[in-house]
Amino acid sequence: MRSVARVTLALLLLATLATAGAAAAWWELNRAGPAAVGVRVEVAAGASVRSVLTELAAAQALRRPRLAEWYSRLQRPPVQIKPGTYQIAVHASALQILE
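My aim in this report is to walk through the structure given alongside it, one point at a time. The structure displayed is predicted, hence computed values, not measured ones.

Parameters at a glance
- Residues numbered from 1 in each chain as written.
- Predicted model: local features only at pLDDT ≥ 70, side-chain atom pairs only at ≥ 80, totals over all residues.
- Heavy atoms only, no water.
- Axes fitted to C-alpha atoms, helices over the stretch in contact; angles between N-to-C directions.
- Helix = DSSP H or I, 4+ residues; strand = E, 2+ residues; numbered from the N terminus.
- Parallel < 35°, antiparallel > 145°, perpendicular 65-115°, else oblique.
- Left-handed = near helix turned anticlockwise from the far one by under 90°.
- Contact = heavy atoms within 4.5 Å.
- Nonpolar A, V, L, I, M, F, W, Y, C, P; charged D, E, K, R; others polar.
- Core = buried A, V, L, I, M, F, W, Y, C linked by side-chain atoms within 4.5 Å.
- Buried < 20%, exposed > 50% of the residue type's maximum accessible area, 1.4 Å probe, protein only.

### Here we look at the packing of helix H2 (residues 49–58) against helix H3 (residues 65–74)
So, step 1. With their axes 9 Å apart at the nearest point, H2 and H3 run at an angle of 150° to one another. Taken as axis vectors, H2 and H3 run roughly antiparallel relative to one another. The crossing of H2 and H3 is right-handed. Each of Val-49, Arg-50, Leu-53, Thr-54 and Ala-57 in H2 lies in contact with H3, whose residues at this interface are Pro-65, Arg-66, Ala-68, Glu-69, Ser-72 and Arg-73.
So, step 2. A breakdown of the residues in the contact of H2 with H3 according to their chemical character gives five nonpolar, two polar and four charged.

### Structural notes on the nonpolar core
So, step 1. Ranked by size, the top nonpolar core spans 21 residues in total, and within it Leu-53, Leu-56, Leu-62 and Ile-88 carry the most contacts.
So, step 2. Within the residue set of this core, elements represented by two or more residues are strand S1 (39–43), H2, H3 and helix H4 (94–98).
So, step 3. In this structure, Ile-88 is in contact with Gly-38, Val-39, Val-41, Leu-56, Ala-61 and Ile-97, ignoring residues within four places of it in sequence.

### Here's the deal with unusual backbone geometry
So, step 1. Pro-77 follows Arg-76 through a cis peptide bond whose omega is -5°.
So, step 2. If you trace the backbone, Pro-77 turns up in the loop between H3 and strand S2 (84–88).
So, step 3. If you check the backbone angles, Gln-60 has positive phi at about 65° while not being a glycine.
So, step 4. Among the secondary structure elements, Gln-60 is positioned in the loop between H2 and H3.
So, step 5. In this structure Gln-60 comes out as exposed when scored by relative accessible area, which is 52%.

None of the figures reported here should be taken as evidence of function without further support.
In structure tokens, the structure reads:
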């Protein structure tokens, strides 16, 4: 009986931690971005999601490029990067940038 209670408690703790992690990630993706001014980015043909998000982080337009990349990979259909020049709005969230 004790082992069943321990397993149940462990599973409940694991589910709670997973839920808290997912909520924290969702909050971060929706959080206003750090850019105090608009950021212009040029996306070259063949650029990867990672390279574009890393460039945006270097330009202070994105806080967590890796989290945004993971989110983009989980989307169905996956986020597509199209070449061109983009203007990122002041304080745009990661989700707004990925739209």
